[in-house]
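Structure assessment
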Amino acid sequence: MPVVVVESPAKAKTINKYLGDNFTVLASYGHVRDLPPKDGSVDTDNDFDMLWEVASASKKHVKAIADALAKDNELILATDPDREGEAISWHLQEALTKRKSIRKDTPVSRVVFNQITKKAVTEAMENPRQVDMPLVEAYLARRALDYLVGFNLSPVLWRKLPGAKSAGRVQSVTLRLIVEREMEIEAFRAREYWSVKALLATPRGQEFEARLVMLAGKKLDKFDLGNGTQAEMAVQAISSRDLKVDSVEAKPASRNPSAPFMTSTLQQEASRKFGMGARQTMSTAQRLYESGHITYMRTDGIDMAPEAVTMARDAIKDRFGGEYVPKEPRVYKNKAKNAQEAHECVRPTDMTKDADALGLTDRDQHKLYDLIWKRTLACQMESARMERTTVEVGSADGQVMLRATGQVVLFDGFLKVYEEGRDDVVDDDDKRLPQISEGDKVDKRAVTPEQHFTQPPPRYTEATLVKRMEELGIGRPSTYASIVTTIQDRDYVRKEGNRLIPEDKGRLVTAFLENYFRKYVGYDFTADLEDQLDKVSAGDAQYKEVLRRFWRDFSAAIAETSELRITEVLEKINDVLEPHLFPPTEDGSDPRLCPNCGAGRLSMRTARSGGAFIGCSNYPECRYTRPFGPPDPEAEASAIPPEGKLLGEDQGDEIRVFKGRFGPYVQRGEVTEENKKPPRQSIPKDWTPEELDLDRAVMLLSLPREIGPHPEDGVMVWANIGRYGPYIKHAESTSDRGGTNANLEGIDEVWTVGMNRAVQLLAEKLASRGGRGAAAKPMRELGDHPEAGGAVSVMKGKYGPYVKWEKINATIPDTIDPEELTVAQAVTLLDERAEKSGKKKPTAKKKPAGKKKAAPKTKTAAKK
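Residues numbered from 1 in each chain as written. Predicted model: local features only at pLDDT ≥ 70, side-chain atom pairs only at ≥ 80, totals over all residues. Heavy atoms only, no water.

Taken residue by residue, a regular strand's side chains alternate between the two faces of the sheet. Taken across its 12 residues, strand S14 (residues 400–411) has nine buried, putting it largely inside the fold. The pairing of strand S10 (residues 207–215) with S14 spans four bridges and is classified as antiparallel. When the sheet's bridge partners are listed, Leu215 is paired in S14 with Val400. With 10 bridges connecting them, strand S13 (residues 384–395) and S14 associate as antiparallel partners. Looking across to S14, one finds that Thr389 is bridged to Gly406. (Buried < 20%, exposed > 50% of the residue type's maximum accessible area, 1.4 Å probe, protein only. Helix = DSSP H or I, 4+ residues; strand = E, 2+ residues; numbered from the N terminus. Pairing = 2+ DSSP bridges.)

Now the structure itself:
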């Protein structure tokens, strides 16, 4: 039976149904080898040799495949039909050859299928090939480039920019997109403009709405009505004139369906319609693919197989009727530069089955399949036919003209099934207009001015970011989701209401890279490198030549930063971000002059936590700080000053809030020579330091709180707030490293939890960790060691029963029943264990010799 290897158990299960008992189908569980994260994994001095290592988690899977090959000497590699899938097949072949599981007489073949159906799998098995080396070499080049950038650039960031986590060949460019968009938003200045709308009525009393498009005989541009006064004058001009219909123009229009999904458009539409992130979309699509419901989901292609087109047209006719099927099939041509990425579009494998017919119970899978099914059917349906009507209403003197637009759907066509979502709100011209004839007089029911302000460009969503990456040629279908996810996992970007906002760390990293590695975060450079990798996959370029060209310039850029000092880097970033951090003041004064001491200059500083803040150059004499970003007068008014914010007095002591190196805290009294460490307590993360009042501060300073002695052993139980939140502790003191801790649900419970609740939580904690923290009870007591003394016990362990004597533990073999273990057997096991671990064997305690007396302990101590 040939051994067939795929990536996942789900895919293996589906394929096994089609292949039957004549094949052994196993899963590799993804990539089996990778470059170890250490220096030298890509040897730049030895023609970019790459040192691969089988991941520890993959060793058992490789062994399972090797064991199967020992019985059946034929290997079929059936991983995914893209670059990553080809790489997994190559890695498996290399790893198994190295283990000598693949011998000279072992037939090895590669099969690919774009969908997991019986027909596709059977056809693939009948048309095997060898591993596609140009595609593998494109993977090798990409992996080497990612390693060289990440492994060489990330340490530069760590040294020069404290708190930065990593840099990446594509992730840093993507981060730049988000940061630049945020800077556009901050630099944006809204501009006021007005429009005027009129509610009009036909002679038959039917109402419709029209907007002013001409005033004083001149066409109105967007900003012609710049304020309320001008808008009111326009209202008067309309109100003081009689209006009639000058023209009615009806034009036929049609609307064509969108192309079927490829990876990027699937991610965009899932984000628009369901708010699904790129990673969530791809993992859901992966499960649908592995279950045989859709075609391969990582593709730049939008073409459909002829048999799929026929199937779609038949399904449309059966469900909606022949009028919804166009005379000729719709043909969509691929725009992908790289044919290796341009598989067939993402579509259902069976067009006749909707999500309900498949019985999908997982909510995400149901939604995503329904979206793919509808889009695929729609792309082969008739166009929607409409009639667009434009009505122009004017005054007899030609001074005023208003326009109304409307649209009527004459035949819904593909809209019966599906309409593509939109990223931005657009004007709705789909209103139906009443019956209007040229020359009709119209009645003015209301004339209304509306104020507007220009809007800044919107922040990226994951969908619009992927769309922009695709437009710039950055990344590929297999990498979009991981890139967008990585910049969020690194805390460079946060997601708020589906929009991506750069964090301080992200801004700093981008500013640093744009100044010292500008070429490598350039959009054109990154896109050109992707094109070179596409040429490698097509067999038109040598991958090591691509690596040589890249490394020559990149290594020089890395070397140039070795002498940079952190202060020099920060000052440079200050200059770059100055328009953002220190915008011009209204009175023309120096925006970088410290408002606290009036002498120091404000500049950006980095915190150990990795964030950034604005501080005074006169530190430590002046401790003025403010949050990173432009000055915010409202925030600064409630901010905590360098000398602390006075909340009031308690028992004669001043209570203040401070901002410290490790976060905000409250303090009782002042620091003096006699009292160098006054009582302090950190403020919980859920509490806003600027809004803290005296009562809450005093409550914090009362911690830790004694709940009382534990009823079982009399040891004290405390309630406190730690770095991981509120908790209770069962120990002699809160500084005791031993004892048992248990979490509390909320901050307020620290001051309300009673002894009964505390005892329950502590008992649950001990039970959840299998009694760790309490003395383990033996299964059997065997008595004292016959030679050395001390109890020998049989214990229950995580990996099975064992025998214990003092600090020596010995596993009891499966051949011996722990209940029947004798002392002699236990001593033998302990001796063997002691010998293996290098510990001293248990020996009989020696008695002092009769002739010589041991020196008294007091004398020995005196000699010492």
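What follows picks up the thread again.
Another aspect to go through is unusual backbone geometry. With an omega of 10°, the peptide bond running from Tyr619 to Pro620 counts as cis. Along the chain, Pro620 falls in the loop between strand S19 (612–616) and strand S20 (625–627). In this chain, Leu703 is followed by Pro704 through a cis amide linkage whose omega measures 0°. Phi at Phe48 is positive, roughly 60°, even though this residue is not glycine. Among the secondary structure elements, Phe48 is positioned in the loop between strand S4 (42–43) and strand S5 (49–50). Within the chain, Ala216 stands out as a residue other than glycine whose phi angle is a positive 55°. Along the polypeptide, Ala216 turns up in the loop between S10 and strand S11 (218–219). Residue classification places Ala216 among the exposed residues on the basis of a relative accessible area of 54%.

In this section: helix H10 (residues 306–320). In this model, H10 (15 residues) spans 21 Å end to end at C-alpha, consistent with the 21 Å of a helix rising 1.5 Å per residue. Burial in H10 covers these residues: Ala308, Val309, Ala312, Arg313, Ala315 and Ile316. The arc that holds every buried residue of H10, seen down its axis, measures 160°, which confines them to one face. For H10, the exposed residues lying more than 90 degrees away from the buried face are Pro306, Lys317 and Asp318. Those residues of H10 hidden inside the fold are in contact with helix H12 (363–378). Immediately beyond the C-terminal end of H10, within one or two residues, lies Gly321, with a positive phi of roughly 105°. (Expected span 1.5 Å × (residues − 1). Arc of directions from axis to C-beta. Contact = heavy atoms within 4.5 Å.)

In this structure, Leu75, Leu161, Phe512, Phe517, Phe554, Ile573 and Met604 are the most contacted members of the largest nonpolar core, which totals 94 residues. Per-element accounting of this core gives the leading share, 13 residues, to helix H5 (residues 133–160). The contact partners of Phe512, leaving out residues within four places of it in the chain, are Val156, Leu157, Lys160, Leu161, Phe517, Val569 and Ile573. Judged by nonpolar contacts, the second largest core, of 60 residues, contains Ile76, Phe113, Ala285 and Leu360. (Core = buried A, V, L, I, M, F, W, Y, C linked by side-chain atoms within 4.5 Å.)

A few words on the sheet that holds strand S32 (residues 808–811). Read from one edge of the open sheet, four strands run S29-S30-S31-S32, paired in antiparallel fashion. Looking at the sheet topology across the chains shown, the edges are occupied by strand S29 (780–784) and S32. Each strand of the sheet is rotated relative to its neighbour by a mean of 25°, with strand direction disregarded. (Axes fitted to C-alpha atoms, helices over the stretch in contact; angles between N-to-C directions.)

Before going further, it helps to spend a moment on the environment of Phe658. Here Phe658 shows up in strand S22 (residues 653–660). On the basis of relative accessibility, which here comes to 14%, the residue Phe658 falls in the buried class. In the structure, Phe658 is positioned 13 residues away from Lys645 in sequence and 6.6 Å away in space, judged by C-alpha atoms.

Structurally, Gln407 is set in strand S14. A distance of 2.5 Å separates the side chain of Gln407 from the side chain of Arg388, its partner in a polar contact. (Polar contact = N/O pair within 3.5 Å; in protein donor to acceptor, adjacent residues only side chain to side chain.)

Let's shift gears to the pattern of salt bridges. Taken as a whole and assessed by the stated rule, the structure comprises 55 salt bridges. Of the charged contacts in the structure, one is a salt bridge between Glu745 and Arg757, with a shortest N-O distance of 3.8 Å. Residue Glu745 is located in the loop between strand S28 (740–743) and helix H21 (755–768), and its partner Arg757 is located in helix H21; the two are separated by 12 residues in the primary sequence. Given a relative accessible area of 72%, Glu745 falls into the exposed group. Its relative accessible area of 29% is what places Arg757 among the partly exposed residues. A single salt-bridge network, built from bridges that share partners, covers Asp47, Asp49, Lys544, Glu545, Arg548 and Arg549. (Salt bridge = Lys/Arg side-chain N within 4 Å of Asp/Glu carboxyl O.)

The full count for this structure, using the stated rule, is 18 aromatic pairs. Considering the side-chain rings of Trp52 and Tyr139, the 6.2 Å spacing of their centres and the 20° angle between planes classify their relative orientation as stacked. Placement of the pair is Trp52 in the loop between S5 and strand S6 (53–54) and Tyr139 in helix H5, with a sequence separation of 87 residues. Judged by its relative accessible area of 12%, Trp52 is buried. Here the aromatic rings of Tyr324 and Phe411 are separated by 4.9 Å at their centres, their planes lie at 35°, and the arrangement is tilted. Taken as a pair, Tyr324 in the loop between H10 and helix H11 (355–358) and Phe411 in strand S14 lie far apart in primary sequence, 87 residues in all. Given the relative accessible area of 13%, Phe411 is considered buried. If you follow Arg191 out to its NZ or CZ, it ends over the ring of Phe223, 3.8 Å from the centre. Note that Arg696 overlies the ring of Trp687, its terminal NZ or CZ placed 4.4 Å from the centroid. (Phe/Tyr/Trp six-rings, centres within 6.5 Å; stacked < 30°, edge-to-face > 60°. Lys NZ or Arg CZ within 6 Å of the ring centre and 35° of its normal.)

Okay, the sheet that holds strand S24 (residues 680–682) next. Taken in spatial order, the four strands line up as S21-S22-S23-S24 in an open sheet, and their pairing is antiparallel. Pairing within the sheet leaves two strands with one partner each, and these edge strands are strand S21 (645–650) and S24. Averaged over all neighbouring strand pairs, the angle between strand axes comes to 25°, with direction disregarded. Summarising the sheet, S22 and strand S23 (residues 663–668) pair through six bridges and their orientation is antiparallel. Among the inter-strand pairings, Lys659 is bridged to a residue of S23, identified as Pro664. Across the sheet, helix H20 (residues 694–701) lies against S21, S22, S23 and S24, angled at about 85° from S23, the strand it touches most.

Everything listed here is a matter of geometry and, on its own, says nothing about what the molecule does.
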